[in-house]
Every structure is written in structure tokens, then in C-alpha cells.
Amino acid sequence: MKSPELLSPAGTFRNMQYAFAYGADAVYAGQPRYSLRVRNNDFKLEKLAEGIEYAHQRGKLFFVASNIAPHNSKVRSYLKDMEPVIEMKPDALIMSDPGLIMMVREKWPDQVIHLSVQANVVNYAAVRFWEKLGIQRIILSRELSLDEIAEIRQECPTMELETFVHGALCIAYSGRCLLSGYFNHRDPNQGTCTNACRWKYNTVQTTTDATGDLIPLAQAEAQGIWTPQQGLASSSKTAGGTEGQEELSALIEEATRPGEFMPIYEDEHGTYIMNSKDLRAVQHVAKLAEMGIDSLKIEGRTKSHYYVARTAQVYRRAIDDAVAGRPFDMDLMNALENLASRGYTEGFYRRHVHDEYQNYESGNSVGVHQQFVGEVLAADDRGWIDIEVKNKFELGDFLEVITPTGNRRFKLDAMENIKNGQAVSVAPGTGHFVRIPLPGEALDGESLKYAMVCRDLPQ
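Residues numbered from 1 in each chain as written. Predicted model: local features only at pLDDT ≥ 70, side-chain atom pairs only at ≥ 80, totals over all residues. Heavy atoms only, no water.

### Points about the overall build of the protein
This is how the line gets drawn: In DSSP terms, a helix is any run of H or I states spanning at least four residues, a strand is any run of E spanning at least two, and both are numbered starting from the N terminus. Using a 1.4 Å probe on the protein chains alone, a residue whose accessible area is under 20% of its type maximum counts as buried, one over 50% counts as exposed, and one in between counts as partly exposed. Here the open area of atoms and residues is found with the Shrake-Rupley method and a 1.4 Å probe, where only the protein chains shown may cover a residue.
Within the protein, the regular secondary structure consists of 13 helices and 24 strands. Taken across its 459 residues, the protein has 51% of its residues classed as buried. With the model as given, the accessible surface of the protein reaches about 21,700 Å², and the carbon-plus-sulfur share is 50%.

### A word on the sheet that holds strand E16 (residues 370–379)
Short version of the rule: Strands were regarded as paired on the criterion that DSSP finds at least two bridges between them.
A sheet is described by the order of its strands in space; here 7 strands give the open sequence E20-E19-E24-E16-E17-E23-E21, paired in antiparallel fashion. With one partner strand each, in any of the chains shown, strand E20 (406–411) and strand E21 (416–417) form the two edges of the open sheet. Examined bridge by bridge, E16 and strand E24 (residues 452–456) share 5 bridges and lie antiparallel to one another. Within E24, the residue paired with Gln 371 across the bridge is Arg 455.

### Re the environment of Cys 197
When you line up the elements, Cys 197 lands in the loop between helix H7 (179–184) and strand E8 (201–204). For the pair Cys 197 and Cys 170, spaced 27 residues apart in sequence, the C-alpha separation works out to 8.4 Å.

### Focus: the packing of helix H1 (residues 13–21) against helix H11 (residues 305–324)
Test applied: Here an angle of 0 to 180 degrees is reported between the N-to-C directions of two axes, which are lines fitted to C-alpha atoms, with helices fitted over the stretch in contact. Should an angle lie under 35 degrees it is considered roughly parallel, over 145 roughly antiparallel, and from 65 to 115 roughly perpendicular; all remaining angles are considered oblique. Handedness of each helix crossing follows the sense of rotation of the near helix against the far helix: counterclockwise by less than a right angle gives left-handed, clockwise gives right-handed. Should any heavy atoms of two residues lie within 4.5 Å, those residues are counted as being in contact. Residue polarity follows a fixed list, in which Ala, Val, Leu, Ile, Met, Phe, Trp, Tyr, Cys and Pro are nonpolar, Asp, Glu, Lys and Arg are charged, and the others, Gly among them, are polar.
The N-to-C vectors of H1 and H11 enclose an angle of 20 degrees; their axes lie 8 Å apart at closest approach. With respect to each other, H1 and H11 are oriented roughly parallel. For the element pair H1 and H11, the recorded crossing hand is right-handed. Of the residues in H11, those in contact with Arg 14, Asn 15, Tyr 18 and Ala 19 of H1 are His 305, Val 308, Ala 309 and Ala 312. Residue composition of the contact of H1 with H11, grouped by class: 5 nonpolar, 2 polar and 1 charged.

### A word on the packing of aromatic side chains
Our working definition: Between the rings of Phe, Tyr and Trp (Trp by its six-membered ring), a pair exists once the centres lie within 6.5 Å; its type follows the angle of the planes, with under 30 degrees stacked, over 60 edge-to-face, and the other angles tilted. To sit over a ring, a charge needs its Lys NZ or Arg CZ within 6 Å of the ring centre and within 35 degrees of the ring normal.
Enumeration according to the criterion identifies 8 aromatic pairs in this entry. Between Tyr 18 and Tyr 22, the aromatic rings sit 6.5 Å apart at their centres with planes inclined by 10 degrees, giving stacked as the arrangement. An identical accessibility class is assigned to Tyr 18 and Tyr 22; each is buried. The interplanar angle of 80 degrees and the centroid separation of 4.9 Å between the aromatic rings of Tyr 18 and Tyr 450 together place this pair among those described as edge-to-face. Within this pair, whereas Tyr 18 is found in helix H1, its partner Tyr 450 is found in the loop between helix H13 (445–449) and E24, the two being separated by 432 residues in sequence. Exposure remark for Tyr 18: the relative accessible area of 5% places this residue in the buried category. Its relative accessible area of 3% is what places Tyr 450 among the buried residues. Grouped by ring-pair contacts, the aromatic residues Phe 13, Phe 20 and Tyr 54 constitute a single cluster. When the ring centre of Phe 164 is taken as origin, the NZ or CZ atom of Arg 142, which lies over that ring, is 3.8 Å away. Taking the ring centre of Tyr 28 as reference, the NZ or CZ of Lys 297 above it sits at 4.3 Å.

### Focus on the pattern of salt bridges
This is how it is decided: A pair is scored as a salt bridge if a Lys or Arg side-chain nitrogen falls within 4 Å of a carboxyl oxygen belonging to Asp or Glu.
Tallying each qualifying case throughout the model produces 25 salt bridges. We note a salt bridge from Arg 316 to Asp 25, for which the minimum N-O separation is 3.0 Å. One end of the pair, Arg 316, is in helix H11; the other, Asp 25, is in the loop between H1 and strand E2 (26–30), and 291 residues separate them in sequence. What makes Asp 25 partly exposed here is its relative accessible area of 27%. Between Arg 128 and Glu 155 there is a salt bridge; the shortest N-O distance is 2.8 Å. Of the two residues, Arg 128 is situated in helix H5 (residues 124–132) and Glu 155 in helix H6 (residues 146–155); the sequence distance between them amounts to 27 residues. The partly exposed category is assigned to Arg 128, whose relative accessible area is 35%. On the basis of relative accessible area, Glu 155 is assigned to the partly exposed category, the value being 33%. Several salt bridges converge on common partners, so that one network encompasses Glu 5, Arg 137, Glu 160, Glu 162 and Lys 297.

### Points about H1
Along H1, 8 of the 9 residues are buried, which leaves the element largely enclosed by surrounding structure. Burial in H1 covers these residues: Phe 13, Asn 15, Met 16, Gln 17, Tyr 18, Ala 19, Phe 20 and Ala 21. One or two steps after H1, the chain reaches Gly 23, where phi turns positive at roughly 120 degrees.

### Thoughts on the environment of Lys 74
Note on placement: Lys 74 falls in helix H3 (residues 72–87). Residues Lys 74 and Tyr 34 lie 40 residues apart in sequence; the distance between their C-alpha atoms is 8.2 Å.

### Quick look at unusual backbone geometry
In this model, Lys 89 sits at a positive phi of 60 degrees, which is unusual for a non-glycine residue. At Asn 120, a residue that is not glycine, the phi angle is positive and equals roughly 55 degrees. Looking at where Asn 120 falls in the secondary structure, it is placed in the loop between strand E5 (113–115) and H5.

### A word on the nonpolar core
To keep things clear, this is the line we draw: Here, nonpolar core refers to any group of buried Ala, Val, Leu, Ile, Met, Phe, Trp, Tyr and Cys residues whose side-chain atoms link them within 4.5 Å.
Among the nonpolar cores identified, the biggest contains 92 residues, and Tyr 22, Phe 62, Ile 138, Leu 140, Leu 288 and Tyr 315 are the most heavily contacted of them. Ignoring sequence-local partners within four residues, the contact set of Leu 140 consists of Val 117, Val 121, Val 127, Ile 149, Ile 152, Leu 161, Glu 162 and Thr 163. In terms of nonpolar packing, the next biggest core, distinct from the first, is built from 19 residues, Val 389, Val 401, Leu 412 and Leu 438 among them.

### Here's the deal with the side chain of Gln 370
To keep things clear, this is the line we draw: Nitrogen and oxygen atoms within 3.5 Å of one another constitute a polar contact, given that in protein one can donate a hydrogen and the other can accept it, and given that sequence-neighbouring residues count only through two side-chain atoms.
Along the chain, Gln 370 falls in strand E16. Judged by its relative accessible area of 6%, Gln 370 falls in the buried class. Side chain to side chain, Gln 370 and Asp 456 meet in a polar contact 3.0 Å long. Setting aside its immediate chain neighbours within four residues, Gln 370 contacts Tyr 306, Arg 310, Asn 338, Glu 400, Arg 409, Cys 454, Arg 455, Asp 456 and Leu 457.

Right under this line is the structure:
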């Protein structure tokens, strides 16, 4: 069994550093103008060059996402803007638009291209089509099952295949959702998705005014065009099954923008506002490796360096265990519970009942067992470590120091203020610096540079 590549997200240069430190073989990042991540993305040209050089100096790979669905204005500027990027020698461009792919193939025939998940490849015939056009790797659609992926691998033995194993899921075929554009005119296919599917919404009962527009019942009552008695009559008709189509229309109100109403409709197939659970497929790493999948991909270019480090560490271990023939360690599932999520699902890898796919209960993080509380800055001769505090912790808490070479859990029984050396019992939060004893051997090198501290949360 060959070892699949572990591919981590790099929304920032710092995240890229943590990804490599914690075990990633490759990262993917993108220019804001031509990738699908404009926000939280510092990879403009100068930083992109630094990132590619940083990766290559360490024998790692750097892929540049260029997977936007371009309108004419961006097509006209594309080749000129990409010239300096190609000169940086990225290991691949991740692309989805056939026109841009054609243009790159004509101008830079030696440039490696990976087909983005945006292209939604779901069958082996499509893989063969793109292979004939010179694509080196296909990033398969998230909507495929394990059996379907295995069949594609069998039918297309010479094509590199990549699959997602962790991170956010879209509510439409990967990246094709239009909710953000509909609600706030931020087009997901231009890289400005606001994750509108994950906002908290309140539903508002409606009726129609004289022009047929939906208006809230409270507003209609104030205008004298609706009364509670009419509402009772309407409910009675709906219960009888003779009328009630109006009951399927409503307005929604986003929690942070009260008074701004947006229409939402439901038909015989249901409603289309959903809050997807997050993908977690660490338990399927061995199966995917056995199939011969070339790359396992983690989503999350807008996530924190803590998220990037944690996921890289867990999936690195899962890959290494699978290749070595070791049984799957359930503790890896538990470790991922320490990350903020919308709850987890296997996605489409195995067919679940419907309610396993979507999270209708909450748009907030659930199941978090730990909280990120600090960055390790330095270590002294006593074996104590200096911490820049990010969240509150105190004596008696159980802490875990996370490092690229392994993690250590212990109960905190002493703490000092860095500035004056005085004993303290609480590290209040951001802006404070403390020193704590670390059991075991002193940290040095990469372990010290990329170490972080978490505390266990009461369950």
C-alpha cells in the first residue's frame, strides 16, 4: 500500500507553516482574485512566492487554486495575471473552468493542472474525458460513495485521484450554492461566499398584501389587512387539506440583522435552507489508501492555524497507521472532537438516513472537548514554558500541550506571571503572558516553535 499525500489548506502563510510542521505533504492556497477564498487570504503575489519557496525548500508541494468561475472581465486579464505565478513554479494549478484550462494548456503546456472539485466529477467517463485533455489529477466530487470511488479508481488506473476527508460541506454540489449571492449579493463562485447556509435564521409567518408580496403578519395586522381570526380560518382550511399553499411561504430573518426579511419558499421536495454537518472521514483513510487514492484533502482555508495543525496531526497519524497495517485508533475520532464543528457526518461515503446529512438543530460548534488557550513562546532551563494567553485557564485545569512530535496532557498545578515572576492562579485571556511547568523532556526546535496549549472543557 502506498502512502497517500496529505493535503492541507493554507489560507495564510502561518497556516501553511503549521500544516507542514504537523505532517502535511502538500498545501493548497490561492490568489484572492482567481480562487474561491477572498476573505482570510493573504496570498497575494509576494506572499505566494514566499510560500512556494518555503514549501520547496522543505521538499513539500504547493498547489495554487485558480478555480473561479470567471466572467468575461476575468477571462481577459487571466493570462497576464498568471504569468508571474507560473514563473514561481507551483507544483500544480487547481482549475475548474474549461476555457481557462484551455488557455493555460495552450500558453504553458508543461504546467501541471489538477481539476477542481468545482467541476463535480462523479463518474469514470468524466475522468477519462479530462485525462485526454492533459489533466494530471482529478479532485473527485464530495457526493461520491466509497464504492463509486473504488470503481473510478479501477476504471481509471493511470489518473491521479484526490478526495476530501475533512471539513465543511456545501449544501449544493461542491461550491455551486447560490444562497450567499441571493441573500447579500456575495457570489460564491467568485470567491466571496459568506456561508449563508450556516447562519441562524428565525422564520416569520406571512400573508400577502394587495400587490401579492409577502409581509410579516404583525405588519399586516398593523395595516389592517389581516387579523388573528383570519389566521385561525386559514389554519382550519390547511388542516382540512383543501387550501394552505400560502402556509408554505414565509420570510426569514437572520439573527444578527433583525427587521431585514428575506422570502423563503418550500415545495413538495422541502426547503432549501440547510446547515450541513462537517465531513469527518478519518475512519475511512485506510480504505481510501487501499484503493490507491493519491491524495487526501482537508478543507479549511479560512480556518485557524490551530485547526490546520490539529487536522494535519490526526490525519498524518491515520495515514501512517494505515500504511503500516496498524488497526484504526478510535482516539483519532475523539481528537477531532476537540475542534469547533457543526457536528460530524461521513458525508456520502456511506449511505445514511436523511437526517444524518444535515444539522437542523444548531449552527454553532458542538461536541468540543477542548479549547485553544495559548501559544508557546519559549522554554527555560527549568522546563517551564512561556505562553501567550488566548483564552482563560487556571490552576486545576487539565491542559494539553500540542507539538509536531507529540502531545502531553497534565493537570496544571503552578503558574507564574512572566513579567514579575509572581505566582498567579488564573490566566485571564488575551493580552496576558504566563509561565507554566511542562512535565517530561524540554521542548526544542520545531516542537517549541509550533507548540500550542489547550484546556479540557467540562462535559
